[in-house]
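Listed below, chain by chain, are the residues.
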Amino acid sequence: MAQYEDKLLDHAYDGIEEYNNPLPPWWVYLFVITIIWGGLYMFYFHIADVGPGSTDEYTTEVRDYQTKFASTIAAEAGVNWNTPNFEIVSDKAQLAMAKDLFAKNCVACHLAQGQGAIGPNLTDKYWIHGGGINNIAKTIALGVPEKGMITWKNSLKKTEILALASYIISLQGTSPPNPKPPQGDLFEEKK
Ligand code: HEC
């Protein structure tokens, strides 16, 4: 490796002499390549603006998401909770899912068997906001924020709300222990 042999350069500053110690070629090439790479990068992403920046990538991802879930988003947005025309869900798997959702989200105020605490008893025939699938689904979806009942339509899907309302209807007449006294009016489903 002749090029790495110690070779004194033919100059001296105040008696200090210097060996010729060139950097290894691979290092020099790498260094030059990074400079070229940096220049190309800057040109591609910032000067010519050809490559997508992080903002562009974000916008693209959001757009892809919206395209992919367009029908779901439209269906959810199009739910009319005010004049609904829903059917009670009787599918066992859906009701089991609703039971889980109820345990996770609702028992804090309505208690484990729906007998009521902060929120009203959901097992009797008396309803503040009306019984039956349509009224119950509407109350769950829109909530009664001023009374402490959460608006669930922002965190639960339509199918989940309908399953929950159907699950609550299935609790009718279960007479759990220590029920909260009835509130609201007697509700009878119009046939
Ligand atoms: C933070 C406490 C709280 C939580 C959690 C809560 N609720 Fe309520 N809920 C209430 C209160 C308070 C009311 C009574 C509102 C009123 O007085 O108008 C109520 C009312 C209701 C009613 C109407 C009862 C009627 O008599 O008309 C239904 C149905 C209901 N909740 C279902 C649910 C479901 C389902 C969940 C879970 C997804 C849930 N609630 C979670 C507090 C809560």
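Residues numbered from 1 in each chain as written. Predicted model: local features only at pLDDT ≥ 70, side-chain atom pairs only at ≥ 80, totals over all residues. Heavy atoms only, no water.

**Concerning the layout of surface pockets**
Item 1. Of the volumes computed, that of the largest pocket is approximately 600 Å³.
Item 2. Lining of the largest pocket is provided by 28 residues; of these, His-110, Gly-119, Pro-120, Thr-139 and Met-149 occupy positions nearest its centre.
Item 3. For the second largest pocket, the calculated volume is near 180 Å³.
Item 4. Forming the boundary of the second largest pocket are Lys-125, Trp-127, Gly-131, Gly-132, Ile-136, Ile-169, Gln-172, Phe-187, Glu-188 and Glu-189.
Item 5. Across the lining of the second largest pocket, the residue classes break down as 4 nonpolar, 3 polar and 3 charged. (1 Å grid on protein atoms, 1.4 Å probe; cavity = no way out; pocket = protein on both sides within 12 Å on 5 of 7 lines; lining within 4 Å. Points joined across faces, edges and corners; volume = space filled by probe spheres on them. Nonpolar A, V, L, I, M, F, W, Y, C, P; charged D, E, K, R; others polar.)

**Re the site of the ligand**
Item 1. For the ligand, the set of nearby residues contains 22 residues, the closest of which are Cys-106, Cys-109, His-110, His-129 and Met-149.
Item 2. Between a nitrogen atom of the ligand and a side-chain N or O atom of His-110, the distance comes to 2.7 Å.
Item 3. More than half of the atoms of the ligand fall within 2 Å of the grid points belonging to the largest pocket.
Item 4. Looking at the shell around the ligand, the elements that each hand over two or more residues are α5 (107-110), α6 (132-142) and α7 (158-170).
Item 5. When residues in the shell around the ligand are grouped by element, the largest group, 3 residues, is from α6.
Item 6. Split by residue class, the shell around the ligand holds 15 nonpolar, 6 polar and 1 charged. (Near = heavy atom within 4 Å. Polar contact = N/O pair within 3.5 Å; in protein donor to acceptor, adjacent residues only side chain to side chain. Sits in = over half its atoms within 2 Å of the grid points. Helix = DSSP H or I, 4+ residues; strand = E, 2+ residues; numbered from the N terminus.)

**Some remarks on the coordination of the iron atom of the ligand**
Item 1. Those donors, His-110 (NE2) and Met-149 (SD), are the protein atoms that reach the iron atom of the ligand, and they lie 2.0 to 2.2 Å from it.
Item 2. Viewed at the metal, the 6 donor atoms of the iron atom of the ligand are separated by angles of 86 to 178 degrees, and the geometry they form is octahedral. Of the two residues, His-110 sits in helix α5 while Met-149 sits in the loop between α6 and α7, which places them 39 residues apart along the sequence. (Donors = N, O, S within 2.8 Å, 3.2 Å for Na, K, Ca; no water. Tetrahedral: all angles 85-135°; square planar, octahedral: opposite > 155°, others 65-115°.)

**Side note on the packing of aromatic side chains**
Item 1. A full pass over the atoms with the stated rule returns 6 aromatic pairs.
Item 2. Seen in terms of ring centroids, Tyr-65 and Phe-69 are 4.8 Å apart; in terms of plane orientation they differ by 45 degrees. Their pairing is tilted.
Item 3. Aromatic rings pair up to connect Tyr-41, Tyr-44 and Phe-45 into one cluster. (Phe/Tyr/Trp six-rings, centres within 6.5 Å; stacked < 30°, edge-to-face > 60°.)

**A word on the nonpolar core**
Here is a general trend for soluble globular proteins: nonpolar side chains tend to be buried in one another's company.
Item 1. Grouped together as the largest cluster of nonpolar side chains are 25 residues, with contacts concentrated most on Ile-140 and Leu-164.
Item 2. Those elements that place two or more of their residues in this core are α4 (92-105), α6 and α7.
Item 3. Here the element with the most residues in this core is α7; it accounts for 7 residues.
Item 4. Discounting residues that sit within four places of it in the chain, Leu-164 has contacts with Ala-98, Leu-101, Phe-102, Cys-106, Ile-140 and Leu-156. (Core = buried A, V, L, I, M, F, W, Y, C linked by side-chain atoms within 4.5 Å. Buried < 20%, exposed > 50% of the residue type's maximum accessible area, 1.4 Å probe, protein only. Contact = heavy atoms within 4.5 Å.)

**Description of the domain arrangement of the protein chain**
Item 1. Structurally, the protein chain comprises domain 1 (2-47) and domain 2 (82-186).
Item 2. Measuring from the centre of the C-alpha atoms in domain 1 to the corresponding centre in domain 2 gives 75 Å. (Domains from an automatic or database assignment.)

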